[in-house]
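Understanding the architecture of this molecule
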Amino acid sequence: MVLFLRALLVLAGLFFVVIGGSFLFYPASQGGSFGLEPIGAQGMSSMRGDFTAYFWVTGCALIIGGWRKSGDILLVPIAILGITFLVRALSLAVDGFYEGWVMPMAVEAIAVALALLGWRTFASAARGLPSDAPL
């Protein structure tokens, strides 16, 4: 079970790293798939910098956390993706629904659930407890 969880965390991390790389090398086309349209050099720079950092930090934390069985580093993607999910939900309530809103929120929810499971499992293992023991 732990090996499978670690593999899922690393694969999820690779997914986010690839998306981040797409923003680095193809910000206009990748931004379009996210509903963004950069205006000028500043817009391109913001998409390259902000989105690459967002996805690379999230992805690398998932990879490192899964690879090293480090629950603490998994708190980083839990925070980043958890905040993103909550703010998207707020935006749906304030701005309304849009076509394709389910997919990004599903990806974020699944990644947060996976990272939470890893955090709990690896933290319990580090203390010598079974993964179903209360924390």
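It should be emphasised that the depicted structure is a prediction, and the values quoted were computed from it without experimental measurement. Residue numbering note: each chain is counted from 1, following its sequence as written. Totals for whole chains, interfaces and linings use all residues, but because this is a predicted model, local features are given only for residues with pLDDT of at least 70 and pairs of side-chain atoms are given and counted only at 80 or more. The basis for every side-chain value is the complete set of heavy atoms in the structure, and neither hydrogens nor water enter the calculation.

Points about the nonpolar core
What is meant by a nonpolar core is a set of buried Ala, Val, Leu, Ile, Met, Phe, Trp, Tyr and Cys residues, joined one to another through side-chain atoms within 4.5 Å. Accessibility here uses a 1.4 Å probe with only protein chains present; expressed as a share of the type maximum, an area under 20% marks a residue as buried, one over 50% as exposed, and anything in between as partly exposed. The biggest cluster of nonpolar side chains holds 17 residues, and the ones touching the most others in it are L9, F16, L62 and L74. Note on conventions: DSSP H or I runs of at least 4 residues are helices, E runs of at least 2 residues are strands, and numbering of each starts at the N terminus. Secondary-structure elements contributing two or more residues to this core are α1 (2-25), α3 (40-68), α4 (75-95) and α5 (102-126). With six residues, the single largest contributor to this core is α1. Residue contacts follow a heavy-atom distance rule, with two residues in contact if any of their heavy atoms lie within 4.5 Å. Setting aside its immediate chain neighbours within four residues, F16 contacts F55, W56, T58, G59, L62, L81, V107 and A111.

So, the side chain of T58
Checked against the element boundaries, T58 lands in helix α3. On the basis of relative accessibility, which here comes to 0%, the residue T58 falls in the buried class. When neighbours within four sequence positions are excluded, T58 is seen to be in contact with F16, P77, I80 and L81.

Some points on unusual backbone geometry
Of note in the backbone geometry, K69 takes a positive phi value of approximately 55° without being a glycine. In this fold, K69 is placed in the loop between α3 and α4.

So, the confidence of the model for the protein chain
As a per-residue measure, pLDDT tells how confident the predictor is, with possible values from 0 to 100. Here the protein chain averages 90 in pLDDT, and 91% of its residues register 70 or above. Looking over the protein chain, one finds the lowest element-wise mean pLDDT in helix α2 (residues 27-33), namely 81, and the highest in α4, namely 97.

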